[in-house]
Every structure is written in C-alpha cells, then in structure tokens.
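The chain contents come next:
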Amino acid sequence: MGLPEKARVPKEQLTVTDERTGKTFTIPIVNNAIAATAFKQMKAPKKPNEREENETERGLRVTDKGFLNTAVISSRITYIDGDNGVLRYRGYPIEQLAEQSNFLEVSYLLLYGELPTKKQFFNFEREIMHHSIVHHDAENLFRSFRYNAHPMSILTSAFAAVGSFYEEANPSLQGQTLFTKTDTNSLANMDKQIYRIIGKAITLAAMAYRVRQGRQFITPPAGLSYTGSFLYQMDKIGEERYRPNPVLERALDVLFILHADHELNASSTTVLQTGSSLVDPYSAVAAGCASLYGPLHGGANEAVIRMLLAIGSPANVPAYIAAVKRREKVLSGFGHRVYKTSDPRSFIIRRIADEVFAVTGKDELLETAMALHDHAMKDEYFTSRKLAPNVDFWSGLIYRAMGFPMDFFPVLFAVPRTVGWLAHWRQMMHAEGGVKIWRPRQMYVGESKRDFVPIFKREEAPVDPKYTPATVTHSGQSKRTELADYLGKTYSRL
C-alpha cells in the first residue's frame with residue numbers, strides 16, 4: 001500500500017488569473033475580506049481604440065453601486081446577520097437590551113464597548129442630563145424658521161449652529177489632531193462634546209416641536225429620565241409637578257434603544273464620510289441628520305402611515321395587495337436592505353405597541369395594519385421574497401398613537417441615532433493607522449477630450465429635457481418685473 005495522500009491545507013488567500021495578460025495574482029483574505037486596492041496591481045495594455053478614461057494601464061478598479069458588498073471600515077460596535085435576523089450591540093442581543101436595559105445604559109455600551117458599572121452609569125447619566133441645556137442665543141435660531149418648517153430642517157440646522165458655540169471643539173481652530181490624539185486631555189474634550197450632543201439632542205428636538213406651535217421653550221427638568229425629560233420639554237405648558245405617562249416614557253426609551261445604531265446605514269456612513277475630513281462632531285452629526293431626513297431612510301415609518309391612510313380600511317387591503325403585485329403600489333414597512341428574514345426589532349416593537357395602545361386606546365389604523373400584515377404573511381408572493389414587517393411598520397403606529405405629528409417621526413429616529421453616529425465617529429478618530437479621508441473612485445463614462453466651440457458656431461440640437469435647464473413659468477409680480485424696463489436689467493451679452 002502506498003502512503004496516504006497528504007491532506008490539502010486550505011490557504012486564506014484568493015488566487016486570481018487575469019485572462020487579459022495571463023498573469024496570476026495572490027490576494028490575502030483577512031476576516032473573510034480582501035483589499036480592493038489589491039486589484040490595482042492587475043494592469044493590462046490599452047486596447048486599440050479604447051477610451052483613455054478607462055485607465056486600463058493603471059490597474060483594475062472595483063465597482064459597487066450602493067455599497068452592496070463593500071466594507072469601508074473595521075468596527076467593534078454593531079453586528080447584523082441579515083440572513084438569520086440577528087442584531088447585536090457590542091455582542092449583546094438587541095432582545096436582551098430592550099428587555100433589561102435603558103437607553104442611556106445602551107448608549108454607554110455603544111460608545112465605550114462595555115456595560116457600565118453603577119458608578120460609571122451615574123457619572124455618565126449626570127453628564128448627559130447636565131449638558132441638555134442649550135445657550136439662550138440658540139432660541140433666536142429656532143424662531144427664525146417659518147411656522148411650517150419641517151422639524152428635520154430645524155434639527156439639522158440646530159446641530160450645525162450649536163457647534164459654533166464651542167471653539168474648543170473645532171479642529172479647524174484648534175488643529176486637525178484635536179480628536180485623533182488619545183492623551184487624557186484630548187479624550188476628555190472628545191467625551192465632553194459627546195455629552196453635549198446627546199444631552200442637547202432631546203432639547204433641540206423639543207424646541208423644534210414647540211416652535212411650530214408658538215409655545216415658549218422649556219428648560220430641561222431635573223430628576224427625570226432621558227426620554228422623560230424629552231416628553232416633559234415637548235408637552236409641559238403650565239402644569240405643576242408635571243410627569244409624563246410612565247408607559248409612554250418607557251415605550252419611547254425602548255424605541256430609542258432599537259434605533260440607537262444599525263451598523264453602516266446611510267446616515268452613519270454620511271457621518272463617517274464627513275468626519276473623515278476631521279470636521280467637528282456637530283457638523284458631522286448635522287450631515288447625518290440631513291441624510292436621515294431622506295424618505296428612503298428616516299421617513300420610512302411616515303410612509304407606512306400614509307400607506308395605511310391611503311388603504312382606508314381592512315376591506316380595501318386585498319385590492320391594495322393586488323396593486324402591489326402589479327407594481328402599481330408600494331408596500332411600505334415590509335422587507336429590509338439587510339434583513340432577509342424578519343427584522344428582530346419588529347417583534348420587540350410589536351409588544352411595545354400593545355402596551356402603548358392599552359394606555360392610548362387603539363389607533364383607528366391598527367385594524368388596517370393587522371389586516372395588511374396577515375394578508376402579506378400568508379401570501380407566497382411576499383413570503384418567497386422574504387418581505388416581512390420591519391421596525392418601521394409598527395413604530396409609525398406607536399408614534400401616531402402617542403400623538404406625534406407624522407413629519408416629526410424622523411426626529412424621533414434622529415435623536416437616538418446620534419449615539420450610534422458618535423460611537424462610529426469616536427471609533428474612527430482612534431482607528432489604528434489614523435484617519436484617512438474617504439475619497440471613493442468613479443468610472444468616468446462621459447465625453448472624451450473635445451475642443452471648445454464659440455457660441456455663434458454651435459448648431460441647434462434636439463432638446464433632451466434631462467440635460468437642458470427647465471424653463472420657469474413666472475406669474476404675478478415676477479411676471480410684471482420681467483416685462484418692465486429698468487436700470488441694471490440683465491440682458492444676454494452674447
């Protein structure tokens with residue numbers, strides 16, 4: 001008998017053969033990932049008549065529209081297993097945190113990596129609540145907005161404006177290493193800004209709520225929880241010893257836990273992209289607010305309510321489901337970019353919804369929502385596509401039952417998400433190897449080099465509205481002014 005054949009030991013590497021050149025390349029695999037920059041070594045001669053903009057001789061580029069499979073950082077904060085419906089903060093299942101913890105304790109965990117001791121939590125909570133008061137001058141900013149301004153526009157502007165109050169927090173004034181150093185003073189300065197942003201988030205949000213109602217702003221109270229203080233600042237008018245309903249206070253606290261972080265979503269990525277230029281954290285958070293403001297991100301639960309209102313009643317659900325299948329309607333609140341099974345947060349939020357409805361009474365849309373849920377969960381069209389209810393499906397109903405206006409829903413998303421943004425920002429500032437500014441590549445597919453043609457030599461071409469400035473129709477005073485003649489009126493110089 002011959003000797004047994006030696007077992008092949010798998011190597012943590014990828015072997016790639018470039019069929020254009022016949023060359024073979026070996027790329028290391030680390031944590032089940034390869035470096036995109038490794039493909040730059042795969043160069044090939046330019047083909048006859050090939051566009052020079054392809055830069056073939058400079059190495060292969062990797063394209064990933066929408067970052068479907070691109071990891072831009074290494075992180076220790078949040079883990080999502082979308083195939084199995086798993087969400088963990090720093091290793092702790094979201095179900096355990098929502099059941100046993102509170103928002104500020106979870107905030108400490110996300111920011112610093114471990115659950116706090118009793119002493120650590122006391123100090124952290126005290127600092128957060130102490131820094132919830134905003135400078136009196138900030139009131140003028142809020143009153144400068146129109147009465148019907150969207151609260152997310154107000155909140156986005158407010159975070160950017162509040163940053164201007166603290167010169168010690170601005171790397172443009174104090175030096176670009178302000179937050180990248182890890183000495184005691186630098187860490188203390190960084191954490192002070194974190195206290196300020198988290199603490200002021202509820203105050204700024206409450207001010208955005210009250211200014212549209214013409215109410216005076218409320219000074220943050222002492223002795224209430226984070227969400228209790230938030231509800232107090234929004235709702236107190238003149239009552240003595242005012243305390244928010246404990247069921248609503250706890251429900252909002254759990255919702256804040258569920259929305260605190262969700263790995264590298266659009267707004268968190270925006271914060272890191274902005275923060276990579278070493279801008280101050282207030283500006284980075286303002287950028288995150290602007291990203292979350294978009295209807296594909298923070299406006300999803302609002303879209304659910306509008307959908308349910310459009311459906312009208314449970315009797316209309318089958319017709320709506322049929323319209324969705326024909327791609328005539330959109331089914332909001334089902335499915336998720338990450339989760340391929342159920343969103344683990346949706347089960348928690350469903351229980352919270354029952355507790356809230358027991359206090360507020362059932363929302364008139366609840367029966368429609370339940371009918372839609374039941375139809376979709378029994379329909380092969382949706383189950384085969386793994387379109388299960390997500391966190392937005394139920395959160396919108398809870399916010400509506402609690403009396404929040406629909407355009408305030410994204411604010412209730414942004415306030416807790418400031419914690420996740422800051423956790424990722426803090427991690428990036430102290431990343432091994434330093435901070436590199438995020439500068440993605442592109443594939444240029446536009447015109448190749450061409451020479452300028454004077455305007456009197458250009459020929460008329462068919463008008464494509466996609467690439468032609470739209471003509472604005474003027475009426476009223478603008479129309480009359482356009483027809484008038486006056487000193488300094490602009491005429492074409494060509």
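Located above this text is the structure these notes cover.
An account of the accompanying structure is given in this report. Since we're looking at a predicted model, the values are computed, not measured. (Residues numbered from 1 in each chain as written. Predicted model: local features only at pLDDT ≥ 70, side-chain atom pairs only at ≥ 80, totals over all residues. Heavy atoms only, no water.)

### A word on the pairing of strand β3 (residues 78–81)
Two elements, β3 and strand β4 (residues 86–89), share four bridges in a ladder whose sense is antiparallel. For Y79, the partnering residue across the bridge sits in β4 and is R88. Remark: four residues form the turn of the hairpin made by β3 and β4, two consecutive strands paired antiparallel; G85 in that turn has positive phi of roughly 65°. (Pairing = 2+ DSSP bridges. Helix = DSSP H or I, 4+ residues; strand = E, 2+ residues; numbered from the N terminus.)

### A closer look at the sheet that holds strand β5 (residues 92–93)
As summarised here, the arrangement of the three strands in space is β3-β4-β5, forming an open sheet in which the pairing is antiparallel. Edge positions in the open sheet fall to β3 and β5, since each of these has one partner strand only. With two bridges joining them, β4 and β5 adopt antiparallel strand pairing. Considered in β5, the bridge of Y89 is made with Y92.

### Details of the side chain of T269
Positionally, T269 belongs in helix α10 (residues 266–275). Those residues in contact with T269 that lie beyond four places of it in its chain are L264 and W438. (Contact = heavy atoms within 4.5 Å.)

### Thoughts on the layout of surface pockets
Volume-wise, the second largest pocket comes out at about 250 Å³. Considering the residues around the second largest pocket, the lining is formed by V324, R327, E328, K329, V330, L331, F334, Y381, F382, R385 and L387. (1 Å grid on protein atoms, 1.4 Å probe; cavity = no way out; pocket = protein on both sides within 12 Å on 5 of 7 lines; lining within 4 Å. Points joined across faces, edges and corners; volume = space filled by probe spheres on them.)

### Comments concerning the nonpolar core
Counting 119 residues, the largest nonpolar core has Y89, Y226, F230 and L372 as the members making the most contacts within it. Sort the elements by how many residues they give to this core and helix α7 (residues 184–211) lands first, with 14 residues. Once you skip the residues sitting within four places of it in the chain, F230 turns out to touch I202, A205, A206, L252, F256, F408 and L412. Formed by six residues, the second largest nonpolar core is a distinct cluster that contains V16, F25, I27 and F39. (Core = buried A, V, L, I, M, F, W, Y, C linked by side-chain atoms within 4.5 Å. Buried < 20%, exposed > 50% of the residue type's maximum accessible area, 1.4 Å probe, protein only.)

### Let's talk about the environment of H336
Among the secondary structure elements, H336 is positioned in the loop between α13 (317–325) and α14 (344–360). Linking H336 and D392, residues 56 residues apart in sequence, is a C-alpha distance of 10.0 Å. With sequence-adjacent residues up to four places away left out, H336 is seen in contact with H262, D343 and R345.

### Overview of the packing of aromatic side chains
By the definition in use, this model includes 19 aromatic pairs. When the centroid spacing of 5.4 Å and the interplanar angle of 90° are considered together, the rings of Y108 and F124 count as edge-to-face. You can see Y108 sitting in helix α2 (residues 103–112) and its partner F124 sitting in helix α3 (residues 118–130), a full 16 residues away along the chain. A single burial state applies to Y108 and to F124, both of which are buried. Three or more aromatic residues joined by ring pairs make a cluster, and in this case those are Y209, Y399, F404, F408 and F409. Above the ring of Y166, the side-chain terminus of R196 is found at 3.7 Å from the ring centroid. Lying over the aromatic face of W394, R350 brings its terminal NZ or CZ to 4.5 Å of the ring centre. (Phe/Tyr/Trp six-rings, centres within 6.5 Å; stacked < 30°, edge-to-face > 60°. Lys NZ or Arg CZ within 6 Å of the ring centre and 35° of its normal.)

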